[in-house]
Amino acid sequence: MMRKALLMIAIPLLASPTLAQEDGAPAPFTIVETGQRFENLFEAVDAIGDAQATIRIAPGTYRQCAVQERGEITYRAAIPGQVIFERTTCEGKAALVLRGRAATVDGIVFRNLRVADDNGAGIRLEKGDLDVFKAMFLDSQQGILSANDPAGSIRVEDSTFSGLGYCPDGGSCAHSIYIGRYGALSVVNSRFERGTGGHYVKSRAARVEIAGSSFDDTRGHQTNYMIDLPSGAVGSIRGNTFVQGRDKENYSALVAVAAEERDNPSDGLVVADNRASIAPGVDRATTFVVDWSGERIVLATNRLGTGLTAFKRQ
């Protein structure tokens, strides 16, 4: 069984009143495969242990969190967008701290998550694979933050990241998505907007696919790159829309490759079929892709607005 002591060090796991918990209503967390119901998310996670199962979550706003140590668990909103986890983190990290074999998060909203080290996230992924579908990450220090797992993969699809990021003077920054040394990251058909510091996507994954997504920085505050691949990467950035806003901590590039180190190969990274512009009323010159890797970056059929140069090598 999972060690509950790891979970109980969090803020007390008490749900705020919800429709699912009115007098006589069934407990809100159901293990689909067994029909078991629980009042607290951590109890459902503990009951699954090392197995593979789905937790269906009734509509409501919950001040709860959980740590997944083992197994393969799907956390699924019974009605997408009507399950909200807010203001409560486990281990001073996130609403969901994941270090099992794999996890799927489907239709859940995470909002107003903050911790003392400025990395408060909806999801903290410490190992294993992760799939995220139709989720929202709102008004927190970070949306998704991962550790390192070179054998693991992360997929984010049809999700929204809004009001995220933090970059104090002299401190390390938080970002909308911040991925460590993972094997692969895929971000598809997702929206990034209204950043509050740092980058919208920062990833040290060896391979990336960022496609069909929008990066709207028009209401961003002290933001940096739209996509930062600080260690380099192969793969593709294709079919996205970028708008760089006025209030920037750094406006020198929209996409940065290997700006910190060259740990991953970048030869053949494709940046194609994107649309990029500077917000109306902002008069500046900047560069769409800036590369520090020195390797072959393939740019093709990107549509760039006034003030944008396609490519620069540093």
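Relevant structure appears above.
Since we're looking at a predicted model, the values are computed, not measured.

Here we take up the overall build of the protein chain. Helix and strand counts for the protein chain come out as two helices and 32 strands. Against the compact-globule benchmark of 20 Å for 314 residues, the protein chain has a radius of gyration of 20 Å, which places it among compact chains. Taken along its principal axes, the extent of the C-alpha atoms in the protein chain is 60 × 40 × 35 Å. Counting contacts in the protein chain only where the partners sit at least 6 residues apart, residues at least 24 apart contribute 69% of the total. Summing over all exposed atoms, the protein chain offers an accessible surface of approximately 12600 Å²; the carbon and sulfur share of this is 48%. Within the protein chain, the 37 negative side-chain charges are centred at a point lying 2 Å from the centre of the 34 positive side-chain charges.

What follows is about unusual backbone geometry. Of note, the phi angle at R87 is positive, near 65°, even though the residue is not glycine. Along the chain, the position of R87 falls in the loop between β7 (83–86) and β8 (94–98). Its identity as a non-glycine residue notwithstanding, D139 has a phi of 50°, on the positive side. Within the secondary structure layout, D139 lies in the loop between β13 (136–138) and β14 (142–146). Looking at D139, the relative accessible area reads 27%, which means it is partly exposed.

A few words on the sheet that holds strand β21 (residues 207–211). Spatially, 12 strands are ordered β2-β1-β3-β6-β9-β12-β15-β18-β21-β24-β27-β30 in an open sheet, and the strand pairing comes out mixed. One side of each edge strand has no neighbouring strand; the edge strands of this open sheet are β2 (37–38) and β30 (297–300). Inspection of the sheet shows strand β1 (residues 29–31) paired to strand β3 (residues 52–57) by three bridges, in the antiparallel sense. Looking across to β3, one finds that T30 is bridged to R56.

Here we take up the pattern of salt bridges. Scanning the model with the defined rule gives 24 salt bridges in all. Via salt bridges that share partners, R181, K202, R204, E260, E261 and D263 belong to a single interconnected network.

What follows covers the packing of aromatic side chains. Scanning all chains against the criterion turns up nine aromatic pairs. Among the aromatic residues, ring-to-ring pairing joins F29, Y62, F85, F110, F137, F161, F192, F215, F242 and F288 into one connected group. Above the ring of Y251, the side-chain terminus of R284 is found at 4.4 Å from the ring centroid.

To continue, consider the state of the cysteines. Going through the model one piece at a time under the given rule, you end up with two disulfides. With a sulfur-sulfur separation of 2.1 Å, C65 is cross-linked through a disulfide to C90. Looking along the S-S bond of the C65-C90 disulfide, the torsion reads about 85°, which is the right-handed sense. Here C65 is found in the loop between β4 (60–62) and β5 (66–68), whereas its partner C90 is found in the loop between β7 and β8, with 25 residues between them in sequence. Taking relative accessible area as the criterion, C65 reaches 0% and is therefore assigned buried. For C90, a relative accessible area of 0% corresponds to the buried category. Two residues, C167 and C173, share a disulfide whose sulfurs are 1.8 Å apart. We classify C167 as partly exposed; its relative accessible area is 31%.

Let us look at the sheet that holds strand β26 (residues 253–257). Through backbone hydrogen bonds, the strands of a sheet pair up, either in parallel or in antiparallel fashion. Read across the sheet, 10 strands follow the order β5-β8-β11-β14-β17-β20-β23-β26-β29-β32 without closing on themselves; strand pairing throughout is parallel. Strands with a single pairing partner mark the edges of an open sheet, and in this sheet they are β5 and β32 (308–313). Strand-to-strand, the axes of this sheet are offset by a mean angle of 10°, without reference to chain direction. Its contacts with the sheet place helix α2 (residues 41–48) against β5 and β8, and it is angled at close to 15° to β5.

Once that is clear, we can look at the nonpolar core. I55, Y75, F85, F110, L130 and F242 are the most contacted members of the largest nonpolar core, which totals 71 residues. No other element matches α2, which puts five residues into this core. Here Y75 is in contact with L41, V45, I55, Q68, L96, L98, A103, T104, V105, D106 and I108, once residues within four sequence places are set aside. Grouped together as the second largest cluster of nonpolar side chains are seven residues, C65, V67, A94 and L145 included.

What follows is about the side chain of T104. You can see T104 is positioned in strand β9 (residues 102–106). Residues in contact with T104, not counting those within four places in the same chain, are I73, T74, Y75, D131 and F133.

Let us now look at the environment of S231. Within the secondary structure, S231 is located in the loop between β23 (227–229) and β24 (234–238). The class of S231 is buried, set by a relative accessible area of 0%. Note: C-alpha distance between S231 and H221 (10 residues apart in sequence) is 25 Å. Beyond its immediate sequence surroundings of up to four residues, S231 is in contact with R181, R204, A258, E261, R262, D263 and N264. At 2.4 Å, the side chain of S231 forms a polar contact with the side chain of E261.

Rules of the game
- Residues numbered from 1 in each chain as written.
- Predicted model: local features only at pLDDT ≥ 70, side-chain atom pairs only at ≥ 80, totals over all residues.
- Heavy atoms only, no water.
- Helix = DSSP H or I, 4+ residues; strand = E, 2+ residues; numbered from the N terminus.
- Rg over C-alpha atoms; globule rule 2.2 N^0.38 Å.
- Contact = heavy atoms within 4.5 Å.
- Areas by Shrake-Rupley, 256 points an atom, 1.4 Å probe, with all protein chains shown as cover.
- Lys, Arg positive; Asp, Glu negative; His and termini not counted.
- Charge placed at Lys NZ, Arg CZ, Asp CG, Glu CD.
- Buried < 20%, exposed > 50% of the residue type's maximum accessible area, 1.4 Å probe, protein only.
- Pairing = 2+ DSSP bridges.
- Salt bridge = Lys/Arg side-chain N within 4 Å of Asp/Glu carboxyl O.
- Phe/Tyr/Trp six-rings, centres within 6.5 Å; stacked < 30°, edge-to-face > 60°.
- Lys NZ or Arg CZ within 6 Å of the ring centre and 35° of its normal.
- Disulfide = S-S within 2.5 Å.
- Axes fitted to C-alpha atoms, helices over the stretch in contact; angles between N-to-C directions.
- Core = buried A, V, L, I, M, F, W, Y, C linked by side-chain atoms within 4.5 Å.
- Polar contact = N/O pair within 3.5 Å; in protein donor to acceptor, adjacent residues only side chain to side chain.

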